[in-house]
Amino acid sequence: MRANAETRVAVAAALSAYGAELASEDAAQVGGAFTDIPEADALVKSSPEAFLLAVLFTQGVPAERAWAGPYLLSQRLGHLDLRALALERGAVDEAVCRRPALHRFKHTMAHWTSDAAARLLDRYGGDASAIWAGAPTAIELTERLSAFRGIGRKKAAMAVEILTRHFGVEVRGLECGSVAYDVQVRRVFLRSGLVDRDTPGDIDRAAAEACPAAPGSLDLATWLVGRQWCHPAHALCGECRLGAVCPRFIERSVEGVGARRVSADGTAPGR
Ligand code: SF4
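Cut-off values and rules
- Residues numbered from 1 in each chain as written.
- Predicted model: local features only at pLDDT ≥ 70, side-chain atom pairs only at ≥ 80, totals over all residues.
- Heavy atoms only, no water.
- Core = buried A, V, L, I, M, F, W, Y, C linked by side-chain atoms within 4.5 Å.
- Buried < 20%, exposed > 50% of the residue type's maximum accessible area, 1.4 Å probe, protein only.
- Helix = DSSP H or I, 4+ residues; strand = E, 2+ residues; numbered from the N terminus.
- Domains from an automatic or database assignment.
- Contact = heavy atoms within 4.5 Å.
- Phe/Tyr/Trp six-rings, centres within 6.5 Å; stacked < 30°, edge-to-face > 60°.
- Axes fitted to C-alpha atoms, helices over the stretch in contact; angles between N-to-C directions.
- Parallel < 35°, antiparallel > 145°, perpendicular 65-115°, else oblique.
- Nonpolar A, V, L, I, M, F, W, Y, C, P; charged D, E, K, R; others polar.
- 1 Å grid on protein atoms, 1.4 Å probe; cavity = no way out; pocket = protein on both sides within 12 Å on 5 of 7 lines; lining within 4 Å.
- Points joined across faces, edges and corners; volume = space filled by probe spheres on them.
- Expected span 1.5 Å × (residues − 1).
- Bend = angle between axes of the 7 residues up to and from the residue.
- Salt bridge = Lys/Arg side-chain N within 4 Å of Asp/Glu carboxyl O.

1. Considering the nonpolar core
Item 1. Within the largest apolar cluster, 76 residues are counted, with the highest numbers of intra-cluster contacts made by Trp67, Ile131, Leu145, Phe189, Val225 and Leu242.
Item 2. Ranked by the residues each element gives to this core, the list is headed by helix 3 (residues 48-57), at eight residues.
Item 3. Residues from two domains meet in this core; each of domain 1 (5-26 + 175-261) and domain 2 (27-174) gives at least three.
Item 4. Excluding anything up to four places from it in sequence, isoleucine 131 contacts Leu52, Leu120, Tyr124, Leu141, Arg144, Leu145 and Phe148.

Listed below in structure tokens is the structure:
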């Protein structure tokens, strides 16, 4: 059962308010959305190519680990040169896989990294910022990002949100964007009554209803609510930003679908 309309409006307003608050902060302060290694954090904020690789690395590992990936890879290789990343696939694989491996899905991530470098050279002249240049629409940008192996719709939505809200990239048609279909987002949408069914379509429609002007703007706030308070087994409702308005359907869980798979080794789901 969805929460009643009045409650859904209140939940949406609370999420929007939290999102606006986050958007006014420096990206590095956004609840640990980036890594806590200063050099790695600086790299993903200064290098569009490192940012893109960090998006690739955001797959089934804690966010901090994912966002540290490009920096740690550059330390092992001695560079983040796109041509070398594209052509020296064995070296990239060795660097990613060397213990301690830079990622849980080490070989896959190495392949995606080399593929991304090749695509950047081939389609964007070796400049990742060209992907989001020219004020694309949210749909166009999502499609461009999703054309990279390893970036699905969920990661593309996350990237669009970060680029627009925290890196000041101009993106048109944000009303056509959406939140990422992420385990944290799904859990919060279910428990707060914005949806009663855990499907991409239900989540998209609920986000559009909650924030028609820019559904994707709810993404980070929702994700942080899930990560900080709405834990799978321990909902900290008394401390939660939605605590005053949420109907607290805490018996609802998404763990049977995707979260259990990505959390089986104890890692928090990345995005
Ligand atoms: S922690 Fe509680 S109040 Fe917050 S979203 Fe989850 S169920 Fe709602």
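Past the structure itself, the notes keep going.
2. Brief notes about the packing of aromatic side chains
Item 1. Inspection of the entire model under this criterion finds five aromatic pairs.
Item 2. Ring centres of phenylalanine 51 and phenylalanine 167 lie 5.4 Å apart, and the angle between their planes is 65 degrees; this geometry places the pair in the edge-to-face category. Note that phenylalanine 51 is positioned in helix 3 and phenylalanine 167 in the loop between helix 9 (153-166) and helix 10 (183-191), a separation of 116 residues in sequence.
Item 3. Taken together, a centroid distance of 6.2 Å and an interplanar angle of 15 degrees make the contact between tyrosine 124 and phenylalanine 148 stacked. Here the residue tyrosine 124 occupies a position in helix 7 (residues 106-124), and phenylalanine 148 occupies one in the loop between helix 8 (138-146) and helix 9, the gap between them amounting to 24 residues.
Item 4. The structure contains a cluster of three or more aromatic residues connected by ring pairs, namely Phe51, Trp67, Trp132 and Phe167.

3. So, the packing of helix 2 (residues 38-46) against helix 3
Item 1. Where helix 2 contacts helix 3, the axes come no closer than 5 Å and their chain directions differ by 110 degrees. Here helix 2 lies roughly perpendicular to helix 3, going by the angle between them. Between helix 2 and helix 3, the contacting residues are Leu43, Val44 and Ser46 on the first element and Pro48, Ala50, Phe51 and Ala54 on the second.
Item 2. Here the residues of the contact of helix 2 with helix 3 are counted per class, giving six nonpolar, one polar and no charged.

4. A few points about the layout of surface pockets
Item 1. Of the voids in this model, the second largest pocket is the one considered here, and its volume is about 210 Å³.
Item 2. As for the second largest pocket, its lining consists of 16 residues, of which Ala138, Thr142, Cys176, Gly177 and Ser178 are closest to the centre.
Item 3. Contributing elements (two or more residues each) for the lining of the second largest pocket: helix 8 and helix 9.
Item 4. Sorting elements by how many residues they give to the lining of the second largest pocket places helix 9 first, with six residues.
Item 5. Of the residues contributing to the lining of the second largest pocket, the split by class is seven nonpolar, six polar and three charged.
Item 6. When residues of the lining of the second largest pocket are assigned to domains, at least three map to each of domain 1 (5-26 + 175-261) and domain 2 (27-174).

5. As for unusual backbone geometry
Item 1. The omega torsion across arginine 99 and proline 100 is -5 degrees, close enough to zero to call that bond cis.
Item 2. Within the secondary structure, proline 100 is located in the loop between helix 6 (89-97) and helix 7.
Item 3. Positive phi values are uncommon outside glycine, yet alanine 135 reaches one of about 50 degrees.
Item 4. For alanine 135, the position within the fold is in the loop between helix 7 and helix 8.

6. Here we look at the side chain of serine 114
Item 1. By the secondary structure assignment, serine 114 is in helix 7.
Item 2. We classify serine 114 as buried; its relative accessible area is 1%.
Item 3. Sequence-distant contacts of serine 114, defined by excluding residues within four places in its chain, comprise Leu85, Ala86, Arg89 and Val92.

7. Focus on helix 4 (residues 63-77)
Item 1. The end-to-end C-alpha distance of helix 4, which contains 15 residues, comes to 22 Å, matching closely the 21 Å that a straight helix rising 1.5 Å per residue would cover.
Item 2. In the structure, helix 4 departs most strongly from a straight axis at glycine 69, where the bend amounts to approximately 45 degrees and where the proline proline 70 lies between one and four residues downstream.
Item 3. When helix 4 is considered as a whole, its buried residues turn out to be Ala63, Ala66, Trp67, Ala68, Gly69, Pro70, Tyr71, Leu73 and Ser74.
Item 4. One or two positions beyond helix 4, positive phi appears at glycine 78, with a value near 85 degrees.

8. Description of the environment of alanine 10
Item 1. By secondary structure assignment, the location of alanine 10 is in helix 1 (residues 5-23).
Item 2. Judged by relative accessible area, which is 25%, alanine 10 ranks as partly exposed.

9. A few points about helix 3
Since there are 3.6 residues in each turn of an α-helix, residues three or four apart along the chain are aligned in direction.
Item 1. For helix 3, the buried fraction is high: nine of the ten residues fall into the buried class.
Item 2. Glu49, Ala50, Phe51, Leu52, Leu53, Ala54, Val55, Leu56 and Phe57 are the residues of helix 3 that are buried.
Item 3. As for helix 3, its buried residues are in contact with helix 2, helix 4, helix 5 (82-87), helix 7, helix 8 and helix 9.

10. Observations concerning the pattern of salt bridges
Item 1. Applying the stated criterion to the full structure yields 13 salt bridges.
Item 2. One salt bridge connects aspartate 198 with arginine 186, and the closest N-O pair in it is separated by 2.9 Å. In this pair, aspartate 198 is assigned in the loop between helix 10 and helix 11 (200-210) and arginine 186 in helix 10, connecting sequence segments twelve residues apart.
Item 3. Residue classification places aspartate 198 among the partly exposed positions, given a relative accessible area of 22%.
Item 4. Aspartate 202 is the salt-bridge partner of arginine 197, the closest N and O atoms lying 3.0 Å from each other.
Item 5. Judged by relative accessible area, aspartate 202 falls into the buried class, the value being 12%.

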